[in-house]
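The lines below spell out each chain.
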Amino acid sequence: MKGFIERINNTHPISKNSWNELQKLVEIKTYPPKYKLEEPGKVSEKAYYLLKGVMRTYSTIIKGKKVNNGLYTDNRYVAEFTSLILKKPSVSTLETLTTCTLVEANYNDFVKLTDTHSDLNIWHRKNLETFYITLQKQDLSLANFNATERYLNLIKEEPKIETLITQKNIAGHLGISQVQLSRIKKKLYRS
Amino acid sequence: MMDKFKQFILGVSPQLSLTSLELLRKITVLKEYKVKDNLYEFGKIPTKFYILISGITKSYTILDNGNEYVNRLHNKGEVMGPLTALIENSEANFGIECITDCDILECIYQDFIHLSESDLNFGIFHRKYLELLYVSYTQRIKEFLSLSGVERYLKLRKRIPGIDTLVSQKLIASHLAITPIQLSRIRNKLKPKV
């Protein structure tokens, strides 16, 4: 829980009363590797904070194309936010890659709490702002870098990624086909 | 004109009271812009965000290779602004330019933050707005990764009817992340065959 408390205080310190209320909603749980926390077709209910471990989300969307939207390591918020917010079935799978320890809460209950406590509302708003900024960077990176550059950026950010997930998923994350990824790697390793 | 403002705000947060709405109205100013006007200076620290009442604008940046990238074509009713720069108090890495003459509501971001942090009604409105923004941005990135140029073009035409007559083909191509030649081929293919 220490990582979670630190994260809250770094974002927007909350009162003792608010923390007590928040604690009533959250639970710490440990899951084995390859455990699916969220699956396509189900309306997502929980939001998570990853204390320790590696997780990923991927989706099979539109014409069977697989898109890997996220890889997460220690101290990250993780959730199927689109499903939580719209209360519509998720299109993604949220899965552990290693043993993961998570703080979890029902998102509806959480939002109700933030809607009645000003400090929690500000804290949650600041989190949403951070999520938005992450998306904007992803958007810009898609436009700004070609597939080779995106591959190199990924390796730089997540050096162990090649051993953690399949080539198919790496290709999905980069928005290219497996054949394209294989060509990119051949070129890189030749030179 | 003000009705569109009300419509937009209540669309996000229907339970916002009329008193709250009036408070928000007090910190916004309606301005008229001409085609090609920029709303703020690219590369400078911005102070405002905007609500588009009428017209069309583009949110754009210049990529490392010198090309322009239009990340959003804004239609009436949308909030616009360099949100990342406003949040981080950093230089704007996106600009907004009017593609047609526009009526735009302006609001100083810090005035809005003050309202949001001092009045929980606004805090809830703000939370909901950011949630919706998150959803639509995620959708756009997914489309970018999973849809073809043709599909992205058809989606854009559905979202902004008449887009082809409103803005240049070059601009549409940039927004779809394809070349103008590719766009022209797509358009030819879509034309009904005689």
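Residues numbered from 1 in each chain as written. Chains lettered and ligands numbered in written order. Predicted model: local features only at pLDDT ≥ 70, side-chain atom pairs only at ≥ 80, totals over all residues. Heavy atoms only, no water.

Caption draft 1: Seen up close, the overall build of chain A. Helix and strand counts for chain A come out as nine helices and eight strands. In summary, chain A has a C-alpha radius of gyration of 18 Å against a globular reference of 16 Å for 191 residues, a match within 12%. Taking the principal axes of the C-alpha coordinates as reference, chain A spans close to 60 × 35 × 30 Å. Counting across all 191 residues of chain A, residues that qualify as buried make up 49%. In chain A, the proportion of contacts linking residues at least 24 apart, taken out of those at least 6 apart, comes to 69%. When the accessible surface of chain A is split by element, carbon and sulfur atoms take 53% of a total near 9,700 Å². (Helix = DSSP H or I, 4+ residues; strand = E, 2+ residues; numbered from the N terminus. Rg over C-alpha atoms; globule rule 2.2 N^0.38 Å. Buried < 20%, exposed > 50% of the residue type's maximum accessible area, 1.4 Å probe, protein only. Contact = heavy atoms within 4.5 Å. Areas by Shrake-Rupley, 256 points an atom, 1.4 Å probe, with all protein chains shown as cover.)

Caption draft 2: Representation of the packing of helix H4 (residues 107–114) of chain A against helix H5 (residues 118–144) of chain A in the model. All names here are of chain A. At a minimum axis distance of 7 Å, the contact between H4 and H5 shows a crossing angle of 120 degrees. By the angle between their axes, H4 is oblique relative to H5. For the pair formed by H4 and H5, the contact residues are Tyr107, Phe110, Val111, Leu113 and Thr114 on the first element and Leu120, Asn121, Trp123 and His124 on the second. The class makeup of the residues in the contact of H4 with H5 is six nonpolar, three polar and no charged. (Axes fitted to C-alpha atoms, helices over the stretch in contact; angles between N-to-C directions. Parallel < 35°, antiparallel > 145°, perpendicular 65-115°, else oblique. Nonpolar A, V, L, I, M, F, W, Y, C, P; charged D, E, K, R; others polar.)

Caption draft 3: Here's a closer look at the interface of chain B and chain A. At the junction of the two partners, chain B supplies 35 residues and chain A supplies 42 residues. Between chain B and chain A the total buried area reaches about 3,700 Å² when both faces are included, carbon and sulfur atoms providing 66% of it. When the buried area of chain B at its contact with chain A is split by residue, Arg127(B), Tyr134(B) and Leu145(B) rank highest and sum to 19% of it. Summed over the shared surface of chain B and chain A, the result is two salt bridges. Across the pair Asp115(A) and Arg127(B) runs a salt bridge, and its minimum N-O distance is 2.6 Å. On inspection of chain B and its partner chain A, the count reaches six residue pairs in polar contact (both at pLDDT 80 or more). Of the residues forming the side of chain B that touches chain A, the biggest block, 18 residues, is contributed by helix H5 (residues 120–146) of chain B. (Buried area = accessible area lost by both parts, 1.4 Å probe. Salt bridge = Lys/Arg side-chain N within 4 Å of Asp/Glu carboxyl O. Polar contact = N/O pair within 3.5 Å; in protein donor to acceptor, adjacent residues only side chain to side chain.)

Caption draft 4: Fine view of the sheet that holds strand E1 (residues 28–33) of chain B. Residues and elements named next belong to chain B. Strand order in the open sheet formed by four strands is E1-E7-E2-E5, with antiparallel pairing between adjacent strands. Since the sheet does not close on itself, it has two edges, and those belong to E1 and strand E5 (79–80), each with one partner. Examined bridge by bridge, E1 and strand E7 (residues 102–108) share six bridges and lie antiparallel to one another. Looking at E7, one finds that Lys31 is bridged to Ile104. The strands touched by helix H4 (residues 109–118) within the sheet are strand E2 (48–54) and E7, with E7 carrying the most contacts at an inclination of about 60 degrees. (Pairing = 2+ DSSP bridges.)

Caption draft 5: Representation of the sheet that holds strand E4 (residues 68–74) of chain B within the structure. Residue and element names in this part refer to chain B. The strand order across the open sheet built from three strands is E4-E3-E6, with neighbouring strands paired in antiparallel fashion. Both edges of this open sheet fall to E4 and strand E6 (95–98), since each of them pairs with a single strand only. Direction aside, the axes of adjacent strands within the sheet are offset by 30 degrees on average. The pairing of strand E3 (residues 57–62) with E4 spans six bridges and is classified as antiparallel. Along E4, the bridge assignment pairs Thr57 with His74.

Caption draft 6: Main features of the side chain of Arg127(B). Mapping Arg127(B) onto the fold places it in helix H5. The buried category is assigned to Arg127(B), whose relative accessible area is 5%. Dropping the residues within four chain positions of it, Arg127(B) is found in contact with Val111(A), Asp115(A), Asn121(A), His124(A) and Leu128(A).

Caption draft 7: Layout of the packing of aromatic side chains. Tallying each qualifying case throughout the model produces 18 aromatic pairs over all chains. Between Phe110(A) and Trp123(A), the aromatic rings sit 5.7 Å apart at their centres with planes inclined by 85 degrees, giving edge-to-face as the arrangement. Here Phe110(A), found in helix H4, pairs with Trp123(A), found in helix H5; they are 13 residues apart in sequence, far enough to count as distant. Among the aromatic residues, ring-to-ring pairing joins Phe4(A), Trp19(A), Tyr49(A), Tyr77(A), Phe81(A), Tyr107(A), Phe110(A), Trp123(A), Phe131(A) and Tyr134(B) into one connected group. Here the guanidinium or amino end of Lys58(B) rests over the ring plane of Tyr60(B), the centre of that ring lying 5.0 Å away. (Phe/Tyr/Trp six-rings, centres within 6.5 Å; stacked < 30°, edge-to-face > 60°. Lys NZ or Arg CZ within 6 Å of the ring centre and 35° of its normal.)

Caption draft 8: Structural view of the nonpolar core. Ranked by size, the top nonpolar core spans 63 residues in total, and within it Phe4(A), Leu22(A), Phe81(A), Tyr107(A), Trp123(A), Ile9(B) and Ile51(B) carry the most contacts. Looking at this core, the element that brings in the most residues is H5(B), giving eleven residues. What Tyr107(A) contacts, discounting residues up to four positions off in sequence, is Glu45(A), Lys46(A), Ala47(A), Phe81(A), Leu84(A), Ile85(A), His124(A) and Glu131(B). Counting 17 residues, the second-largest nonpolar core is a separate cluster that includes Ile56(B), Leu156(B), Ile160(B) and Ala173(B). (Core = buried A, V, L, I, M, F, W, Y, C linked by side-chain atoms within 4.5 Å.)

Caption draft 9: Local environment of the confidence of the model for chain B. All names here are of chain B. On average, residues of chain B score 87 in pLDDT, and 98% of them are at 70 or above. When pLDDT is averaged over each element of chain B, H4 comes out on top at 95 and helix H1 (residues 2–12) at the bottom at 73. Scored as a whole, the predicted complex attains pTM 0.81, and scored at its interfaces, ipTM 0.81. (pLDDT = per-residue confidence, 0-100.)

Caption draft 10: Representation of unusual backbone geometry in the model. All names here are of chain A. One non-glycine residue with positive phi stands out, namely Asn75, at about 60 degrees. Considering the arrangement of structural elements, one finds Asn75 in the loop between strand E5 (65–72) and strand E6 (76–79). A relative accessible area of 32% places Asn75 in the partly exposed class. Phi at Lys87 is positive, roughly 55 degrees, even though this residue is not glycine. Within the secondary structure, Lys87 is located in the loop between helix H3 (81–86) and strand E7 (92–96).

Caption draft 11: Structural detail: a positive patch on the surface. There is a patch of like positive charges on the surface, built from Arg183(A), Lys186(A), Lys187(A) and Arg190(A). For Lys187(A), the location among the structural elements is in helix H9 (residues 178–190). (Patch = residues over 30% accessible without salt bridge, like charges linked within 9 Å, V, L, I, M, F, W, Y side chains within 5 Å. Lys, Arg positive; Asp, Glu negative; His and termini not counted. Charge placed at Lys NZ, Arg CZ, Asp CG, Glu CD.)

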